Amino acid sequence: MSQLNSLLSLNQLNQDQLLGLLELAAKIKQKPQDYSQALVGKSVVTLFEKQSLRTRVTFDIGINRLGGHAVYLDQQNGAMGVRETVKDFASNITRWADGIVARVNSHKTLLELREYSNVPVINSLCDLYHPCQGLADFQTIAENYSDLSKVKLAYLGEGNNVTHSLLLGGAILGMEVAAICPKGYSPDAQIVQQAQALAAKHGGKIIVSDDINAIKGFDVVYGDTWVSMGDDTPLEAVKSRYMPYQINQQMMNDNGISHVLHCQPAHRELEITSEVMDGPSSIIFDQAENRMHAQNAVLVSLIAK
Ligand code: CP
Ligand code: NVA
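What you are looking at is a predicted structure, and each value in this text was computed from that prediction instead of being measured.

## Things to note about the domain arrangement of the protein
- As far as domains go, the protein holds domain 1 (6-130 + 291-303) and domain 2 (133-287).
- Measuring from the centre of the C-alpha atoms in domain 1 to the corresponding centre in domain 2 gives 24 Å.
- Of all elements in the fold, only α1 (15-30) and α11 (284-302) reach the threshold of two or more residues within the side of domain 1 that touches domain 2.
- Here the side of domain 1 that touches domain 2 gets 6 residues from one element, more than from any other, and that element is α1.

## Overview of the site of ligand 2
- Near ligand 2 the following residues occur: L125, N160, N161, V162, D224, T225, S228, M229 and C263.
- A per-class count over the shell around ligand 2 returns 4 nonpolar, 4 polar and 1 charged.

## Regarding the UniProt feature "domain: Aspartate/ornithine carbamoyltransferase Asp/Orn-binding" (unreviewed entry) in the protein
- Annotation from UniProt places "domain: Aspartate/ornithine carbamoyltransferase Asp/Orn-binding" (unreviewed entry) at residues 150-301.
- Between the end C-alpha atoms of residues 150-301 the distance is 27 Å, and the span holds 41% helix and 15% strand.

## Re the site of ligand 1
- Near ligand 1 you find S52, L53, R54, T55, L125, Q133, C263, Q264 and P265, and these make up its full shell.
- A class-by-class count of the residues in the shell around ligand 1 yields 4 nonpolar, 4 polar and 1 charged.
- Residues lining the shell around ligand 1 come from more than one domain, with at least three contributed by each of domain 1 (6-130 + 291-303) and domain 2 (133-287).

## Let's talk about the pairing of strand β9 (residues 259-262)
- Here β9 shows two buried faces, one formed by H259 and L261 and the other by V260 and H262.
- Sheet topology note: the strand β8 (residues 220-223)/β9 ladder contains 4 bridges and is parallel. Note on β9: the bridge partner recorded for G223 is H262.

Rules used in this analysis
- Residues numbered from 1 in each chain as written.
- Chains lettered and ligands numbered in written order.
- Predicted model: local features only at pLDDT ≥ 70, side-chain atom pairs only at ≥ 80, totals over all residues.
- Domains from an automatic or database assignment.
- Helix = DSSP H or I, 4+ residues; strand = E, 2+ residues; numbered from the N terminus.
- Near = placed C-beta within 6 Å.
- Nonpolar A, V, L, I, M, F, W, Y, C, P; charged D, E, K, R; others polar.
- UniProt positions renumbered as here; feature names shortened; annotations may be inferred.
- Buried ≥ 20, exposed ≤ 12 C-beta atoms within 10 Å, placed from the backbone.
- Pairing = 2+ DSSP bridges.

See below:
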């Protein structure tokens, strides 16, 4: 991918690069055998400061399917910045590996990893962004709508890392993206501003609202946990705040919503009902599958030579 050597956030990409990644992801999904040697002889360290099912497994299996080798590191063999500095961590890994995938508590850690390594760094979730998730989300939407720039996507719930990647990526793609979140839980104002500027450039639209009625006429609704990793507030304590934003069948019917996404893990009967999650509008498990194809597009673009 021209002039890109790491992926920390989707707003590093221009529209051609983002569309190019989505196209490559679709090709890899359709003809995986064409890419089975793409990472032969390459090793990628996948580093996790937080829990994961989808991201951990899709990177591991995905790298394997590209012919490469994944080395999983959690915090049990020495937490970054505790047993040794992030700088030393990066300075060591860069001597062995061909790429670093990192899920970290703070975006600052990604910036440090990138500063002290000579190999691509891929953000697999931090406090601010979840770009790999966003790529899979747009790939999944593209499988159901021929022109992404005509799609209206509404995110419901806590304004967070996932919201930010949807706003930025959707803006670059010229989509209409709404973040509908309770008062006080909106996405970061500076990121919203960046997304609005990108939307203006690409003919898209960014809406931030606490009014659940704003979803009328949207094509796709999107849910995430109401409490993100690293926040130990019990879900029970936020239930009344978020319940009006629950994705349920009534809301789907009343507003003419066609498709539902959720990045998972999902708390059934809280942010989404089982009826919807397992129902005909759900493209949630395609979305989970696409994590692997989208990430493989990133790996092929950044690491395969
Ligand atoms: N959606 C997502 O990133 O899932 P995991 O936290 O299980 O990796
Ligand atoms: N916003 C969630 C996403 C999980 C994939 C979190 O950060 O925990």
